[in-house]
Amino acid sequence: MPRAKHNLEDQLAREFAALSAALKGQMRESPRFWGSQPLGPAGMCVELEEVRRAWQDLRRSPEIVRDAGQMMTPQWTLRDLASHVASWAREFRWEAEVSLRGEEVPYEIYFDPRLGPTEWNHARVAERQEQKLDDILSEIDAETRRMQELVLQASPERLIAPVKFGPVVGPDRRPLFRTLAELTGGRCFHDRHHLTRIAARREQLRQGS
Amino acid sequence: MDAQGPLSSEHAVLRASADGRVSSEEAFDRLYSLYAGPVMAWLRLRARYDAADDLFQEVWRIFLGRWRNWQNSPGMDDPDAKPVLSFLYRTSHFVLKSYERKERMMQPLEDAANTESDPHAIARTIDFGRCLAMAKQVCSHEELDVLAAKLAGVPAREIARTFDLTEAVVDHRYRDAIARVRRRLRIGAKGAKREGHAKS
């Protein structure tokens with residue numbers, strides 16, 4: 001590499017280090033004492049990004065093709081479980097779009113108080129029966145990115161305004177009101193829950209049980 | 001402990017925290033001490049001077065939330081992995097993205113051109129050093145994102161992942177940024193030479 005090129009890169013590195021040191025000198029108090037604030041759009045995007053990366057890591061992991069057909073729960077294979085997460089990722093994103101338009105979701109997803117939305121879950125997994133695991137994981141990735149874009153578009157008021165979403169609970173079909181922030185948090189929680197189960201089950205499989 | 005002490009790298013801090021040799025709070029403060037400067041430098045390079053402080057606080061608040069549930073990744077034995085620096089970098093990316101959205105929405109209310117020609121705003125860029133100030137002036141946001149990350153030591157793999165690019169494209173953007181700065185510095189040097197001749 002020519003010497004002049006090195007010189008400029010070295011000079012930029014020195015200037016960046018000097019700037020960082022000067023700015024660091026101005027910082028006093030640890031952020032631990034700043035007090036907490038609810039997550040804003042950027043924080044929600046970071047949360048979504050963490051689960052997106054976890055799915056990417058799963059997609060790139062060794063033996064993913066072999067594990068696609070392995071049972072992760074008593075009723076679902078890895079491919080089925082990914083289908084389940086993809087269907088909710090799509091649903092969360094769709095409901096977020098409706099919420100951003102200031103509208104209500106025009107249908108209901110019945111949640112049994114004990115068992116959850118089993119009928120809806122099984123129907124959505126069945127819809128993806130012919131798809132490959134890689135395509136389903138790609139759907140999760142794309143839906144997560146779309147969700148990030150939606151969160152970034154939302155005004156601060158819209159993020160915390162409760163909206164009636166699709167799920168209804170119990171025999172009296174009680175509607176659920178959620179904010180977009182809660183919807184995003186719920187999406188991440190749901191993904192993490194299944195990612196943890198998948199990791200534990202794959203570890204069991206790796207050890208031969 | 002001083003900057004050269006045993007907790008002077010992210011790897012050492014994470015290891016000490018995982019082994020229980022330092023408390024979670026102390027480890028966090030060590031990481032803040034290591035990375036407050038580079039994070040603020042990124043934000044100063046990319047955002048308006050008066051916005052950088054708020055963005056900085058947002059980045060560190062998000063990281064603090066994350067740190068409370070931090071789980072070391074399997075690759076933590078690699079001293080070059082820098083998962084905290086990488087997290088701070090992608091957090092800064094989203095914080096800047098959110099800020100830019102808001103700025104665009106506010107555009108009709110503010111005259112952006114006035115901000116650029118504000119003599120005080122220009123004077124403040126003196127902090128940067130000549131080459132860095134030139135980079136801020138001539139590089140695109142995409143190039144600046146890559147250049148600043150490289151200068152702070154963010155692994156190329158992480159930069160690529162943050163922007164959904166390949167490492168080859170990251171390298172290309174970095175080289176483009178360097179070439180652009182060099183070209184402008186040469187033009188500046190020739191201009192100064194001509195001016196010097198004219199004066200004499």
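Values in this document were obtained by computation on a predicted structure and should not be read as measured data. (Residues numbered from 1 in each chain as written. Chains lettered and ligands numbered in written order. Predicted model: local features only at pLDDT ≥ 70, side-chain atom pairs only at ≥ 80, totals over all residues.)

**Considerations on the overall build of chain A**
Each helix and strand in chain A was counted, giving eight helices and three strands. In sequence order, chain A lays out its α and β elements as α-α-α-α-β-α-α-α-β-β-α. Relative to the globule expectation of 17 Å for 209 residues, the C-alpha radius of gyration of chain A, 22 Å, shows a markedly less compact shape. A principal-axis box enclosing the C-alpha atoms of chain A has dimensions of 70 × 50 × 30 Å. If you take every contact in chain A between residues at least 6 apart in sequence, the share linking residues at least 24 apart comes to 73%. (Helix = DSSP H or I, 4+ residues; strand = E, 2+ residues; numbered from the N terminus. Rg over C-alpha atoms; globule rule 2.2 N^0.38 Å. Contact = placed C-beta atoms within 7 Å.)

**Here's the deal with the domain arrangement of chain B**
Residues and elements named next belong to chain B. Along its sequence, chain B is organised into domain 1 (1-127) and domain 2 (129-200). The interface is formed by 12 residues belonging to domain 1 together with 12 residues belonging to domain 2. Mapped onto the side of domain 1 that touches domain 2, the elements with two or more residues apiece are α2 (24-46) and α4 (83-106). The greatest single-element share of the side of domain 1 that touches domain 2, amounting to five residues, is contributed by α4. (Domains from an automatic or database assignment.)

**Considerations on the nonpolar core**
Membership of the largest hydrophobic core comes to 90 residues, with the highest contact counts inside it found for A82 of chain A together with Y35, V39, L55, V59, L88 and A135 of chain B. Counting the residues that make up this core, at least three belong to each of domain 1 (1-127) and domain 2 (129-200) of chain B. Not counting chain neighbours up to four residues away, the residues in contact with L88 of chain B comprise Y35, V39, V59 and F63 of chain B. (Core = buried A, V, L, I, M, F, W, Y, C linked by C-beta atoms within 7 Å. Buried ≥ 20, exposed ≤ 12 C-beta atoms within 10 Å, placed from the backbone.)

**Here's the deal with α2 of chain B**
Residues and elements named next belong to chain B. Its 23 residues give α2 an end-to-end C-alpha distance of 31 Å, which sits within 8% of 33 Å, the value for a rise of 1.5 Å per residue. By the largest-angle criterion, Y35 marks the main kink of α2, which is about 45°, and a proline, P38, follows within four residues. Counting buried residues along α2, 18 of its 23 residues qualify, which places the element largely inside the surrounding structure. (Expected span 1.5 Å × (residues − 1). Bend = angle between axes of the 7 residues up to and from the residue.)

**What to know about unusual backbone geometry**
The phi angle at E63 of chain A is positive, at roughly 65°, despite the residue not being glycine. Within the secondary structure, E63 of chain A is located in the loop between α2 (41-60) and α3 (64-67). Unlike most non-glycine residues, D164 of chain B shows phi in positive territory, near 55°. Looking at the element boundaries, D164 of chain B is found in the loop between α9 (156-162) and α10 (167-199).

**Quick look at the interface of chain B and chain A**
Listed per partner, the contact involves 33 residues of chain B and 28 residues of chain A. Of all the elements in the fold, those that place two or more residues in the side of chain B that touches chain A are α2, α3 (52-67), α4, α7 (130-138), α8 (141-152) and α10 of chain B. For the side of chain B that touches chain A, the leading source of residues is α2 of chain B, giving nine residues. Its residues assigned to classes, the side of chain B that touches chain A shows 19 nonpolar, five polar and nine charged. (Nonpolar A, V, L, I, M, F, W, Y, C, P; charged D, E, K, R; others polar.)

**Overview of the packing of α2 of chain A against α4 of chain B**
Two elements in contact, α2 of chain A and α4 of chain B, have axes whose closest approach is 8 Å; the angle formed by their N-to-C orientations is 140°. The angle between α2 of chain A and α4 of chain B places the two elements in the oblique class. Our pair here, α2 of chain A against α4 of chain B, has a crossing hand that is right-handed. Note on element contacts: α4 of chain B touches α2 of chain A through R90, T91, F94, V95 and S98 of chain B, opposite P41, A42, C45, V46 and E49 of chain A. (Axes fitted to C-alpha atoms, helices over the stretch in contact; angles between N-to-C directions. Parallel < 35°, antiparallel > 145°, perpendicular 65-115°, else oblique. Left-handed = near helix turned anticlockwise from the far one by under 90°.)

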